[in-house]
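Structural description and commentary
Listed below, chain by chain, are the residues.
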Amino acid sequence: VIAVEVRSALICAYAHTESVTQEVHQAFDAADTGYTSCADLYERCARATGKRASDIEQFIRDAAVIDREMIALIRSLHAQYTIALCSNAPLGLVESLMSQYHFADCFDEICISSAFHILKPNPKIFHIVL
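Read on for an overview of the structure. Please read all numbers here as calculations on a predicted model, not as lab measurements.

What follows concerns the packing of aromatic side chains. The full count for this structure, using the stated rule, is two aromatic pairs. Summarising the aromatic geometry, the rings of Phe103 and Phe107 are spaced 6.3 Å apart at their centres and angled 80° between planes, so their arrangement reads as edge-to-face. Phe107 shares its class with Phe103; the two are buried.

Further remarks concern the layout of surface pockets. It is a probe the size of a water molecule, rolled over the atoms, that shows where empty space is left. Computed from the structure, the largest pocket encloses a volume of approximately 570 Å³. In terms of lining residues, the largest pocket is bounded by 25 residues, among which Ala3, Val4, Ser87, Asn88 and Ala89 are the most central. When contributions to the lining of the largest pocket are tallied by element, the ones reaching two or more residues are α1 (6-14), α2 (18-32), α5 (68-78), β1 (84-87) and α6 (91-101). Residue composition of the lining of the largest pocket, by class: 19 nonpolar, two polar and four charged.

At a closest axis distance of 8 Å, the pairing of helix α3 (residues 38-49) and helix α4 (residues 53-63) adopts a crossing angle of 110°. Between α3 and α4, the interaxial angle falls into the category roughly perpendicular. As for how α3 packs across α4, the hand of that crossing is right-handed. Packed against α3, whose contacting residues are Leu41, Tyr42, Glu43, Cys45, Ala46 and Thr49, the element α4 presents Ala53, Ile56, Glu57, Ile60 and Arg61 at the interface. Looking at the contact of α3 with α4, its residues break down into seven nonpolar, one polar and three charged.

Our focus in this paragraph is the environment of Ile125. Within the fold, Ile125 resides in helix α8 (residues 123-129). Ile125 gets classed as buried once you look at its relative accessible area, which sits at 0%. The sequence separation of Ile125 and Glu23 amounts to 102 residues, and the corresponding C-alpha distance is 25 Å. When neighbours within four sequence positions are excluded, Ile125 is seen to be in contact with Cys86, Cys111, Ser113, Ile118, Leu119 and Lys120.

On to the pattern of salt bridges. In this structure the tally under the stated criterion is seven salt bridges. For Glu43, the salt bridge is made with Arg47, and the minimal N-O distance between the two is 3.8 Å. Of this pair, Glu43 and Arg47 are both found in helix α3, four residues apart, which corresponds to roughly one turn of the helix. Judged by its relative accessible area of 57%, Arg47 is exposed. Notably, a salt bridge pairs Arg52 with Asp55, separated by 3.0 Å at the nearest N-O pair. Residues participating in the shared-partner salt-bridge network are Arg7, Asp29 and Asp32.

Calculation rules
- Residues numbered from 1 in each chain as written.
- Predicted model: local features only at pLDDT ≥ 70, side-chain atom pairs only at ≥ 80, totals over all residues.
- Heavy atoms only, no water.
- Phe/Tyr/Trp six-rings, centres within 6.5 Å; stacked < 30°, edge-to-face > 60°.
- Buried < 20%, exposed > 50% of the residue type's maximum accessible area, 1.4 Å probe, protein only.
- 1 Å grid on protein atoms, 1.4 Å probe; cavity = no way out; pocket = protein on both sides within 12 Å on 5 of 7 lines; lining within 4 Å.
- Points joined across faces, edges and corners; volume = space filled by probe spheres on them.
- Helix = DSSP H or I, 4+ residues; strand = E, 2+ residues; numbered from the N terminus.
- Nonpolar A, V, L, I, M, F, W, Y, C, P; charged D, E, K, R; others polar.
- Axes fitted to C-alpha atoms, helices over the stretch in contact; angles between N-to-C directions.
- Parallel < 35°, antiparallel > 145°, perpendicular 65-115°, else oblique.
- Left-handed = near helix turned anticlockwise from the far one by under 90°.
- Contact = heavy atoms within 4.5 Å.
- Salt bridge = Lys/Arg side-chain N within 4 Å of Asp/Glu carboxyl O.

Structure (structure tokens):
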């Protein structure tokens, strides 16, 4: 795990009812499977929580803290091993984080759920990685 799971952080911060929690889960599932965009994710979460889409986007970006020690470990392992990243996430968010934190070069393969419309733990996504 190289980043905090932002869905849980958002739910803890803003979902004060079961219905809001369910809507946030549905919004993330749709974005993580690539059936909606990051902008749609922010808008759906905003409607569910009563926040602004821009506030949701900022919250998610702030919450997506990259574990720099893990990246350093991955870099050291990458010198000897083939390394893949497999993530349940909207592609746009992952691309933004990779650009911001400069860690795309740590991986030989990058498999983001939204690009394939498959979420972990579905075995199909692991077959794609392999």
